[in-house]
Amino acid sequence: MPRKLAELAHCRAGDKGDTLTLSLFAYRAEDYPRLVAQVTPDRVRAHLSGIVKGEVRRYELPELHALQFVCEQALAGGVTASLALDAHGKTLSYALLELELD
Amino acid sequence: MARIEPKTLRIGAGAGFQGDRIDPAVVLASQGGLDYLVLECLAERTIAAAQLRRLQEPGTGFDPLLEARMEALLPFVERSGLRIVTNMGAADPVGAGKVTIAIARRLNLRVKVAAVTGDDVLRLVKPGMTALETGRALRAHGRLVSANAYLGAEALLPALARGANVVITGRVADPSLFLAPLVHEFGWALDDWDRLARGTVVGHLLECAGQVTGGYFADPGAKDVPDLAHLGFPFADVDADGFASISKVPGTGGAVTVRTVKEQLLYEVTDPTGYVTPDVTLDLRGVRVAEVGPDRVAVGGATGRARTDTLKASVGYLAGWLGEGELTYAGANARARAALAAGVLRERLQEAVPDLELRIDHIGVDSAHKSSFGHAHDPYEVRLRVAGRADRRAVAERIGWEVEALLTNGPAGGGGLRKSVAERIGIVSTLLPRAKVAAEVTLLQSRYAAKAR
């Protein structure tokens, strides 16, 4: 059984102010239910606790075999206030893909 | 699934951000068989920066790459009937229009340029209004320097109706730049929400140019993309109902697949069930994508609801200064020497400026994700990075200066100093009643252009 999320899914990060979006897609349709079951908002919030300070909402898009995570207070105040090197959070898709699956 | 009617419109994306590459746009313009080429070059911060630039030096409020892009692309406007739509006007669309006319004249081309204004709403925005992001009054963030409403496709229609073959705007919602030609050519009503929704999806997929053809996507072994070096930019063939297929010019690098399209479809969407643009409230839940040919993906199924009565405005304010410094440590014990340097810096800077907002990163260890997620990590080299924010330039400069001083006053073997200081512009948003924002069109036409020989 694959252990890292990266083995089952690909991901793209986007930003709007201090909000981070993480779009997660199953490589294979048959793995989508497993993502829905395991990659819950709570697990994502816990996994990214060093980065995401606010709420994590999840939208299911079964037609696309996708989950959309919308993470508030995730970019250290947004591009303006952030002192982070990657102020837009462009690299954070790969932080999510580090998640270990059961 | 998407069906392509005989009458379709082909719209290409020739730039997806301010500094985007120019060569792929030239390939699209010369070989793409396009009806329209859209260049999206304006991020939230870009327009505030342009506003500041214009205050300091009049005549510089438009995109710094305007001339380079227009010189490369204008010849195709006359040669093949291509129409260009772009937000390179930034803080001065009329000024950008005049420069475009001057270039056309120099190249001996006839063009009709329309500048769309009305997005500058600094006079309408009161410092006491509330910022959406923070709930605080705008004035509490800093001195306001710009306010630009996101205009919709409607603002561009008069320019297209009057036959402009180059339309230059300031702040317009990115997908609206693509939706406007569709509304104009197909005569869609401005309350035909489902068609507007489908057209908005086309705009959303194209607005970041190379991000739908394999850029910001490639990952060797997992998501391979052929010939990324020659990444082609996308175009869409759109039918009169807004069903579309996304593709690119044969022979260019990159790939258009279900995967590249899906990643871009959800990019930066904070609510897939109700994504608000100036034109429509978009629901992406019904969207379906399917590969219908090599590097060709059909898209359909979006639905729309009525647009809102408000327009979002981006408000720029002066947010102080960012000072940065970097130094590399390599070889045995590199991580420990970098950590020692970090401690020394923190002490020195906090003694000099007690309330300085400071961040210290160890690049190569944990700078990007504040964690290395369980990988045991003893890197061969570590780059120390220090960043701080200050209200005064002189204080921000102190940060890079102290990093530089580590060369002779810090741990062994630090090298490769870089330091910088930059003024920061903050952005917050507020909502304005739609009816208060009035778009205008200024036509600059052939009398400026040289007569054909």
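Each remark here, short or long, concerns the structure printed above.
Report follows, based on the coordinates. Here the structure is a predicted model, which means the values were calculated and not measured. (Residues numbered from 1 in each chain as written. Chains lettered and ligands numbered in written order. Predicted model: local features only at pLDDT ≥ 70, side-chain atom pairs only at ≥ 80, totals over all residues. Heavy atoms only, no water.)

**Here we look at the overall build of chain B**
Step number 1: The number of helices and strands found in chain B is ten helices and 18 strands.
Step number 2: Here chain B has a C-alpha radius of gyration of 24 Å; the compact-globule value for 453 residues is 22 Å, and the two agree.
Step number 3: By principal-axis analysis of the C-alpha atoms, chain B measures approximately 70 × 50 × 50 Å.
Step number 4: Burial statistics for chain B: of 453 residues in total, 55% are counted as buried.
Step number 5: Sequence-distant contacts in chain B: of pairs separated by 6 or more residues, those separated by 24 or more amount to 77%.
Step number 6: For chain B, the exposed area adds up to about 18,400 Å²; of that, 51% sits on carbon and sulfur atoms.
Step number 7: Separation between the mean location of the 54 positive side-chain charges and that of the 52 negative ones in chain B comes to 4 Å. (Helix = DSSP H or I, 4+ residues; strand = E, 2+ residues; numbered from the N terminus. Rg over C-alpha atoms; globule rule 2.2 N^0.38 Å. Buried < 20%, exposed > 50% of the residue type's maximum accessible area, 1.4 Å probe, protein only. Contact = heavy atoms within 4.5 Å. Areas by Shrake-Rupley, 256 points an atom, 1.4 Å probe, with all protein chains shown as cover. Lys, Arg positive; Asp, Glu negative; His and termini not counted. Charge placed at Lys NZ, Arg CZ, Asp CG, Glu CD.)

**Structural notes on the sheet that holds strand E3 (residues 56-61) of chain A**
Step number 1: The strand order E1-E2-E4-E3 (chain A) describes an open sheet built from four strands, whose pairing is antiparallel. One side of each edge strand has no neighbouring strand; the edge strands of this open sheet are strand E1 (9-16) and E3 of chain A. Looking at each pair of strands side by side, their axes are set apart by 20 degrees on average, direction ignored.
Step number 2: Sheet topology note: the strand E2 (residues 19-26) of chain A/strand E4 (residues 66-71) of chain A ladder contains six bridges and is antiparallel. Note that in E4(A) the partner of Leu24(A) across the bridge is Leu67(A).
Step number 3: Contacts from helix H8 (residues 258-265) of chain B reach E1 and E2 of chain A, with the element oriented near 30 degrees to E1(A). (Pairing = 2+ DSSP bridges. Axes fitted to C-alpha atoms, helices over the stretch in contact; angles between N-to-C directions.)

**Things to note about the interface of chain B and chain A**
Step number 1: Between chain B and chain A, the contact holds 50 residues from the first and 39 residues from the second.
Step number 2: For the chain B and chain A pair, buried surface summed over both sides reaches about 3,700 Å², with 55% attributable to carbon and sulfur atoms.
Step number 3: Looking at the side of chain B facing chain A, the largest losses of area belong to Leu266(B), His369(B) and Phe373(B), adding up to 17% of the total buried there.
Step number 4: On inspection of chain B and its partner chain A, the count reaches one salt bridge.
Step number 5: As a salt-bridge pair, Glu263(B) and Arg12(A) come within 2.9 Å of each other at their nearest N and O atoms.
Step number 6: If you look at where chain B meets chain A, you find 21 residue pairs in polar contact (both at pLDDT 80 or more). (Buried area = accessible area lost by both parts, 1.4 Å probe. Salt bridge = Lys/Arg side-chain N within 4 Å of Asp/Glu carboxyl O. Polar contact = N/O pair within 3.5 Å; in protein donor to acceptor, adjacent residues only side chain to side chain.)

**Brief notes about the nonpolar core**
Step number 1: Leu74(B) and Val299(B) are the most contacted members of the largest nonpolar core, which has 103 residues in total.
Step number 2: Ranked by residue count, the leading element in this core is helix H6 (residues 174-186) of chain B, at seven residues.
Step number 3: When residues of this core are sorted by domain, at least three fall in each of domain 1 (8-120 + 149-310 + 435-448) and domain 2 (315-429) of chain B.
Step number 4: By size, the runner-up hydrophobic cluster in this structure holds 30 residues, among which are Val39(A), Leu48(A), Leu92(A) and Leu101(A). (Core = buried A, V, L, I, M, F, W, Y, C linked by side-chain atoms within 4.5 Å. Domains from an automatic or database assignment.)

**What about the environment of Gly81(B)?**
Residue and element names in this part refer to chain B.
Step number 1: As for its position among the elements, Gly81 is in the loop between helix H3 (66-80) and strand E3 (83-86).
Step number 2: For the pair formed by Gly81 and Trp401, sequence separation is 320 residues and the distance between their alpha carbons is 55 Å.
Step number 3: Aside from chain neighbours lying at most four places away, what touches Gly81 is Asp35 and Phe76.

**A short note on the pattern of salt bridges**
Step number 1: Per the stated rule, a full pass over the model turns up 27 salt bridges over all chains.
Step number 2: Put simply, Glu98(A) and Lys4(A) hold a salt bridge, and the shortest N to O gap is 3.2 Å. One end of the pair, Glu98(A), is in the segment after helix H4 (92-96); the other, Lys4(A), is in the segment before E1, and 94 residues separate them in sequence.
Step number 3: The salt bridge partner of Arg106(B) is Glu71(B), with a shortest N-O separation of 2.3 Å. Separated by 35 residues along the polypeptide, Arg106(B) in helix H4 (residues 93-106) and Glu71(B) in helix H3 bring together distant segments of the chain.
Step number 4: Each of Glu324(B), Arg359(B), Asp361(B) and Arg385(B) takes part in salt bridges that share partners, so that together they form one network.

**Notes on the pairing of E3(B)**
Residue and element names in this part refer to chain B.
Step number 1: Neither face of E3 is left uncovered, since the one carrying Arg83 and Val85 and the one carrying Ile84 and Thr86 both have all their residues buried.
Step number 2: In this sheet, E3 lies alongside strand E2 (residues 36-39) in parallel orientation, the contact comprising four bridges. Opposite Tyr36, over in E3, you have Arg83 as the bridge partner.
Step number 3: Relative to strand E6 (residues 166-169), E3 is paired through three bridges, and the arrangement is parallel. Looking across to E6, one finds that Thr86 is bridged to Ile168.

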